[in-house]
Amino acid sequence: MNANLSPLDEPDMTSRRVWQQRAVLAVLLGVLAGMTWRKWGDPVVDFGCELYVPWQITQGKHLYRDMAWLGGPLAQYGNALAFAVFGVSLTTLIWVNLVLLALLTELIRGYFARCVSPLAGLVAGLLFLSLFAFGQYGPLANYNYMAPYRHEPIRGVLLATGALYAATHAWQLWAEQGPPAARRMARRMGLWLGLSGLLFGGVCLTKLEIALAAGLALFAGFAVGVARLGIRGQFLWKLSGWFLGGTLVLPVGFVGYLALHMPLTLALRGALGNLATVVVANPAQQAFYRQVLGLDAWARHVTDITTGCGIVSLAGLVVLGGERWLPHRWHPAAALGGALLSGGLAYRFVPWERFAKPFPVLLALTAVGLIYAVRQETDRDRLCRHWLPLLMWNLLALVLIGRLGLAARLYHYGFVLAFPAFLFLATMALFVLPALLRGQPSGTGRLTSGVAAGVLLACVTAHLQLAFDHYGKKTQPVGSGGDRLLTYGPRWTPVGQVLAETTASLSQSLPPEATLLVLPEGIALNYWLRRTCPTSLLAFDPYYLAAGGGEAAVVAELERHPPDVIALTRRDMWEYGVGWFGEDPNYGRQVMAWVLRRYEVAQVFGEWEDFGVVLFRRRAADLPPVP
């Protein structure tokens, strides 16, 4: 393997050119943020927890003890720290996420710039910002990096990217200096591996699937580095100690901190994040997660995967045939023609909601190729600078997108789980494969790059059009001041207007010390009103109910801590395979029976059949005696 991975024969990047590329990415980040400002986050589904939980932590409550939580503690306590320092508001969260998004973009740029080429790093950053950072490809606005459905996944991929970046830098130090010099700089390499371990320890405090993906990638990198670079004896133990020591810092620290406020067993379970939840709730039996994995219609998904792989194979054979048989003097024109033709055909005919389904197969094939490259490469610098980082990213991407099962996609959970795969495959098609073709007697790689560029441009165009079609409909403000967000206007749905009316009315009628329970979802109301929820469960979808012990456990907790006011929202749970909360015998019936025995309807906001909020107050017989 002697291929030169500088596809455009660029000179080494100067500091000035690096900052120019950073400026381009910063401008795009600023433009996209400005055009979508405060239009992120759904006012009913999921995102309210991301405001309520850190606010409650600043008030002295804790995850797992006072609030049931299915993920690790790092993201929520980090957001609570930001609230404590900069003030409790959505604005604080926006700026924190904006800064961390810029950091993630820079890590992506730097990673691909080092292991492929500077231009590849810039393109990867541009694709990430354009498709994933601010994307909205469906009605819900929770699948972006500014106001996500949960912060654990976006914090997890940031830390995982940083862990891979630090680990590959350590191996590159060895390759650049050679074994004798590398042994003299063992401390420097150890510090980089220690930083990688520290970041990986943080990943373990977010989401299970991200920890598994990052762990496999880092383990593979360590195994290849040790085997191919001849690291042995005491030096091996020192490097291992640096990494393992760094890995333990954050988990041990969080367990210790949580154990100060709750039993040690509860602190340990919380630090394990959603590992314990997966065991208790068994998501594979939930209709929602079967749909997420594509198990609900597996035959259709397998057909899509097979068809997609066939189309990619056919297109690849045509392009490679053109590379081989076209005279070299025709390649520039063929590249331009290929870009226009592939872009036009892709924009017109590609079903973008399904086109990512072959990605896991393609990633498995590229992993096999990269393992072969790692085994055959004799130049240590090329091994550590190119093939090893690419293999590590490939494995990270493969495990993450594998979490989507048969239904790989860019939308929904794909904004986190599919972006490493998309960036990797785009980089391989635009830069790595053309570079390998240039190393052959026939072929220049230009046609391959042109066709790939056309498809990618069509992909970005189609997705941006869809996203801004959704963003253009968001004119209805909910919340006020620093907590203001924009959602769909009344022309499209009454949800935002009804919630705004509900918030305005309850802010006047509810005493400051009153407790409010929102069923089945909509805890953003608690946050906007700054009224606490009396139960540890913050959402009542079927998965959370199962993880929280079922309806009987919820009713028992309500008996111990009855809320002053209950708000019932019109939240459709069709994706979980159930009907309306309280109406479906298998969903919410016990909880609503308890509510109707002790509470009566006080007010209705909106039209219930479209979207409404029904306000319940305690019946007179249940009112506490006046002191």
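Because the structure is a prediction, the values reported are computed rather than measured.

Engineer: How would you summarise helix H14 (residues 331-349) if you had to cite specific residues and measurements?
Structural biologist: Under the 1.5 Å per step criterion, the end-to-end length of H14 is 26 Å for 19 residues, consistent within 8% with the ideal 27 Å. Every buried residue belonging to H14 is among His331, Ala334, Ala335, Gly338, Ala339, Ser342, Gly343 and Ala346, and all of these are buried. Buried positions in H14, seen along its axis, are confined to an arc of 155° and lie on one side of it. Those residues of H14 that are exposed and aimed more than 90 degrees away from the buried face are Ala333, Leu336, Leu340, Leu341 and Arg348. Packing partners of the buried residues in H14 comprise helix H13 (298-325) and helix H19 (446-471).

Engineer: Quick one: what's the story with a nonpolar patch on the surface, residue by residue and with numbers?
Structural biologist: A surface patch of nonpolar side chains, about 270 Å² in accessible area, is lined by Val27, Val31 and Met35. Tracing the sequence through the fold places Val31 in helix H1 (residues 15-35).

Engineer: Describe in detail the pattern of salt bridges, supporting the description with residues and values.
Structural biologist: A side chain of one charge can pair with a side chain of the opposite charge if their charged atoms are brought near each other. Enumeration according to the criterion identifies 20 salt bridges in this entry. Glu106 is the partner of Arg109 in a salt bridge, and the nearest nitrogen-oxygen pair spans 2.9 Å. Taken as a pair, Arg109 and Glu106 lie in helix H4 (residues 90-115) at a separation of three residues, close to a single helical turn. Glu106 gets classed as partly exposed once you look at its relative accessible area, which sits at 21%. Here Arg570 makes a salt bridge to Glu609, at a shortest N to O gap of 3.4 Å. Of this pair, Arg570 sits in the loop between strand S4 (565-569) and helix H24 (589-598) while Glu609 is found in the loop between strand S5 (599-607) and strand S6 (611-618), placing the two residues 39 residues apart along the sequence. Several salt bridges converge on common partners, so that one network encompasses Asp304, Glu353, Arg354 and Lys357.

Engineer: Could you give me a rundown of the sheet that holds strand S3 (residues 516-519), with the residues and numbers involved?
Structural biologist: Reading across the sheet, the four strands line up as S3-S4-S6-S5 and stay open at both edges, with mixed pairing between neighbours. Each of the sheet's edge strands pairs with one partner strand only, and the pair in question is S3 and S5. Adjacent strand axes in the sheet meet at a mean angle of 20°, parallel and antiparallel pairs treated alike.

Engineer: Give me the packing of helix H5 (residues 118-133) against helix H18 (residues 419-438): which residues, what numbers.
Structural biologist: Axis separation between H5 and H18 bottoms out at 10 Å; the angle between their running directions is 140°. Taken as axis vectors, H5 and H18 run oblique relative to one another. Handedness of the H5/H18 crossing: right-handed. Contacts between H5 and H18 involve Leu119, Ala120, Val123, Ala124, Leu127, Phe128, Leu131 and Phe132 on the former and, on the latter, Phe419, Phe422, Leu423, Ala426, Thr427, Leu430 and Phe431.

Conventions we followed
Counting from 1, residues in each chain are numbered in the order their sequence is written. It should be noted that, the model being predicted, local features are given only for residues of pLDDT at least 70 and side-chain atom pairs only at 80 or more, the latter also being counted only at that level, while totals for whole chains, interfaces and linings use all residues. As a rule here, side-chain values come from all non-hydrogen atoms in the structure, and water together with hydrogens is ignored. We count a stretch as a helix when DSSP gives it H or I for four or more residues in a row; a strand needs E for two or more, and each element gets its number in order from the N terminus. Every helix has an expected span of 1.5 Å times one less than the residues it contains. Whether a residue is buried, partly exposed or exposed follows from its accessible area with a 1.4 Å probe, protein chains only, as a fraction of its type maximum: under 20%, in between, or over 50%, in that order. This arc is built from the directions going out from the helix axis to the C-beta atoms. Contacts are assigned to residue pairs that have any heavy atoms within 4.5 Å of one another. Exposure above 30% relative accessible area and the absence of a salt bridge qualify a residue for a patch, where like charges join within 9 Å and nonpolar side chains (Val, Leu, Ile, Met, Phe, Trp, Tyr) within 5 Å. Throughout, the Shrake-Rupley method with a 1.4 Å probe supplies accessible areas, and for residues the shown protein chains are the sole cover considered. Salt bridges are defined by distance alone: a side-chain nitrogen of Lys or Arg within 4 Å of a carboxyl oxygen of Asp or Glu. Two strands make a pair as long as DSSP finds a minimum of two bridges between them. With axes taken as lines fitted to C-alpha atoms, and helix axes fitted only over the stretch in contact, angles between N-to-C directions fall between 0 and 180 degrees. An angle counts as roughly parallel when it lies under 35 degrees, as roughly antiparallel when it exceeds 145, as roughly perpendicular when it falls between 65 and 115, and as oblique in every other case. For any pair of crossing helices, the crossing counts as left-handed if the nearer helix is rotated counterclockwise from the farther one by less than a right angle, and right-handed if it is rotated clockwise.

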